Amino acid sequence: MTSLDESRSSLGLTLWRQTWPMAIGVLALLGFQLVDSAFIARLGTAPLAAQSFTFPLSFLVIGIQVGMGIAIAALISRALGAGEVARARRLGSLVLLVGTLTIALLVALLWAVQAPVFALLGADESTRVLIRDYWAPQLLAAWLGAVLYFGYSLFRAHGDTWLPGKMMVMTSLLNLLLDPLLIFGIGPWQGLGLPGAAWATSIAFATGLLVLGRRLSGMDWLAADGLLGELRRSLGPFAGIAGPAMISQLMPPLAAMLAISVVASLGEAQVAAWGLASRLETLSLMVVLAMTMSLPPWLGRCYGAGDWGQIHRLMRLALRVVVIWQLSLGILMALASPWVAQGLSGNPEVRDDLAILIRFLLPSYAALGVCMLVVSAGNALGWPLRAMLMSAARLFVFYLPCLWAGAWLANLMGLAMGAALGNLLAGLAAWQVLRRILASPRRQPERESRAIS
């Protein structure tokens, strides 16, 4: 084997070791969300539609936490790459404290504005009654999940993707066990219905936090001294990464709100089908999502060390894996769409609409995965503003206009085709942006790196 082959093999093996625990964790985490929706679908179309209306606001919380998590991983991994271990400890303590408080304030705000927001999204009075009982435990689950995610980000920044992956599996299995009990009940107890799904998630996340807290107490990754000085020093760099990253992560919930308002005009069954398709989307993107968690800390350490040769090789390999995996999975799911839809919903109208969405959307996630990976890498490599603009273009230049035009021309079929076209255009644009950025002379590998690239 040549030195080139050995280098590529070693890089691929390391990427696999970093990514597969997170992929399994993401699969478990997103899998239980899809199972939640499948259980709720058994309650009827109205509860499923009610849950679907909450997705954009739930994604809003996730967007804030992921944006902050990106900044956590980037700053701590850069500090470690530069040998600043004491600073990495102080940053770890700060982000856990600030992140927990920020998400608590956000969920309180979302509880206060629920009535006008869900009315604007198109939920009628009977649907809002269902949402009201579900929303409080769902917001509690969102806050607990965010704090847990910040803990995961700390482990990932230190190169440990194994524990977060295991924790995601553990909380997902616990949620899966609690779902049928709390939703449907057992014996004479009738269960909680729709709110039972949120309570199951809350209990699972709270259990995960207890376990994660014990593990963190045994690590020398946090510091109690010098936090105020570190806050003054790092607030600017943190805002410079977290600000654009959070805006990037907040744009998908905004786009989801606009999209579901379009879908709501088509009917309740279409909203229910769209909600199931949204859950299936995140599940099918598990490898991409795992890479957006495992790759940035690695890229951040390379960035801190000035190793652009390694960055070039990592990005080429990651993009190749994403395209091949997502395209293969998308084609397979499109061929199996009638059976997948049947397994997720027994309602004939919802089932047929879901099959249409799967057939067009799933293959397009190969291009969407490219865009997501480029945005994630941008935040780790010192160009968060470009990453934010790429996110904005994906949603508001490509995805939403194509989705709206398709729905206007051909209802649900046109909506599915338009969304797929928007994903394809966004992926092609992201690829061109990445090529131009990495072609900059100051981002080229050194001479000795080029010899093996």
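This text goes with the structure placed above it.
Read on for an overview of the structure. (Residues numbered from 1 in each chain as written. Predicted model: local features only at pLDDT ≥ 70, side-chain atom pairs only at ≥ 80, totals over all residues. Heavy atoms only, no water.)

When its secondary structure is counted, the chain shows 15 helices and zero strands. Burial statistics for the chain: of 453 residues in total, 56% are counted as buried. Excluding contacts between residues fewer than 6 apart, the proportion of contacts in the chain whose partners are at least 24 apart in sequence is 82%. For the chain, the accessible area works out to roughly 18,600 Å², and carbon and sulfur atoms hold 68% of it. (Helix = DSSP H or I, 4+ residues; strand = E, 2+ residues; numbered from the N terminus. Buried < 20%, exposed > 50% of the residue type's maximum accessible area, 1.4 Å probe, protein only. Contact = heavy atoms within 4.5 Å. Areas by Shrake-Rupley, 256 points an atom, 1.4 Å probe, with all protein chains shown as cover.)

Take the environment of F184 next. Among the structural elements, F184 can be located in helix α6 (residues 162–184). In sequence terms F184 and F39 are 145 residues apart; their C-alpha atoms lie 8.9 Å from each other. Look past the residues within four positions of F184 in its chain and what remains in contact with it is F39, R42, L43, D179, W189, Q190 and G191.

Of note, N411 is a non-glycine position whose phi angle comes to about 55°, a positive value. Considering the arrangement of structural elements, one finds N411 in helix α14 (residues 384–438).

Our next topic: the environment of S345. With respect to the element layout, S345 can be found in the loop between α12 (337–344) and α13 (348–380). Residue S345 is classed as buried on the basis of its relative accessible area, which comes to 4%. Spatially, the C-alpha atom of S345 lies 9.3 Å from that of S37, the residues being 308 residues apart in sequence. Dropping the residues within four chain positions of it, S345 is found in contact with R42, L276, V350 and R351.

Among the structural elements, Q270 can be located in helix α9 (residues 268–284). Sequence-distant contacts of Q270, defined by excluding residues within four places in its chain, comprise V263, E349, D353 and L412.

Moving on to the packing of aromatic side chains. The tally for this structure, following the rule as stated, stands at three aromatic pairs. Taken together, a centroid distance of 5.9 Å and an interplanar angle of 70° make the contact between F39 and F184 edge-to-face. One end of the pair, F39, is in helix α1 (residues 3–41); the other, F184, is in helix α6, with 145 residues separating them in the sequence. Look at W404 and W408: their rings are 6.2 Å apart centre to centre, the planes differ by 5°, and that puts the pair in the stacked class. Of this pair, W404 and W408 both sit in helix α14, four residues apart, roughly one helical turn. When sorted by exposure, W404 lands in the same class as W408, which is exposed. (Phe/Tyr/Trp six-rings, centres within 6.5 Å; stacked < 30°, edge-to-face > 60°.)

Here the focus is the nonpolar core. Grouped burial of nonpolar side chains is what soluble globular proteins tend to show. With 129 residues, the main nonpolar core has W274, L299 and L357 as its most contacted residues. When residues are assigned to domains, this core turns out to be shared by domain 1 (21–225) and domain 2 (268–442), each giving three or more. Beyond its immediate chain neighbours, meaning those up to four positions away, L357 contacts A273, W274, A277, L362, L412, L415 and A416. (Core = buried A, V, L, I, M, F, W, Y, C linked by side-chain atoms within 4.5 Å. Domains from an automatic or database assignment.)

We now examine the pattern of salt bridges. Opposite charge on two side chains allows them to pair when their charged atoms are near. One pass over the full model with this rule turns up two salt bridges. Between E125 and R128 there is a salt bridge whose closest N-O contact spans 2.8 Å. One end of the pair is E125 and the other is R128, both in helix α5 (residues 125–157) and three residues apart, which spans about a single turn. Residue classification places R128 among the partly exposed residues on the basis of a relative accessible area of 21%. (Salt bridge = Lys/Arg side-chain N within 4 Å of Asp/Glu carboxyl O.)

As a further point, take the side chain of S284. Inspection of the secondary structure puts S284 in helix α9. Residue S284 is classed as buried on the basis of its relative accessible area of 7%. Excluding residues within four positions of it along the chain, S284 makes contact with W325, Q326, L329, L362 and Y365.

Let us look at helix α10 (residues 286–305). The end-to-end C-alpha distance of α10, which contains 20 residues, comes to 29 Å, matching closely the 28 Å that a straight helix rising 1.5 Å per residue would cover. Where α10 bends most, the angle comes to about 30°, and this point is L295, followed within four residues by the proline P296. Burial analysis of α10 places 15 of its 20 residues in the buried class, the great majority of the element. (Expected span 1.5 Å × (residues − 1). Bend = angle between axes of the 7 residues up to and from the residue.)

Right, let's get into the packing of α5 against α6. Two numbers describe how α5 lies on α6: the axes approach to 9 Å, and their chain directions differ by 155°. If you check the angle between α5 and α6, you find them roughly antiparallel. Contact residues: L148, Y152, F155 and R156 in α5; L163, P164, M167, M168 and T171 in α6. Residues of the contact of α5 with α6, tallied by class, amount to seven nonpolar, one polar and one charged. (Axes fitted to C-alpha atoms, helices over the stretch in contact; angles between N-to-C directions. Parallel < 35°, antiparallel > 145°, perpendicular 65-115°, else oblique. Nonpolar A, V, L, I, M, F, W, Y, C, P; charged D, E, K, R; others polar.)

On the surface, L140, L181, I186, W189, L192 and W199 cluster together into a nonpolar patch covering about 550 Å² of accessible area. Within the secondary structure, L140 is located in helix α5. (Patch = residues over 30% accessible without salt bridge, like charges linked within 9 Å, V, L, I, M, F, W, Y side chains within 5 Å.)

On to the packing of helix α3 (residues 85–112) against α5, then. Packing of α3 against α5 brings their axes to within 10 Å, and their N-to-C directions diverge by 165°. In terms of orientation, α3 lies roughly antiparallel with respect to α5. Where α3 crosses over α5, the handedness of that crossing is right-handed. Only R132, W135, A136, L139, W143, A146, V147, F150, G151 and L154 of α5 make contact with α3, whose side of the interface consists of G92, L96, G99, T100, I103, A104, V107, L110 and W111. (Left-handed = near helix turned anticlockwise from the far one by under 90°.)

Let's shift gears to helix α2 (residues 45–81). Given a rise of 1.5 Å per residue, 37 residues ought to cover 54 Å, and the 51 Å separating the end C-alpha atoms of α2 matches this to within 8%. The largest bend in α2 is about 35°, located at F55, with the proline P56 one to four residues further on. In terms of burial, α2 is a largely internal element, 32 of the 37 residues being buried. Just beyond α2, the residue with positive phi is G83, at close to 80°.

These results come straight from atomic positions and should not be treated as a statement about function.
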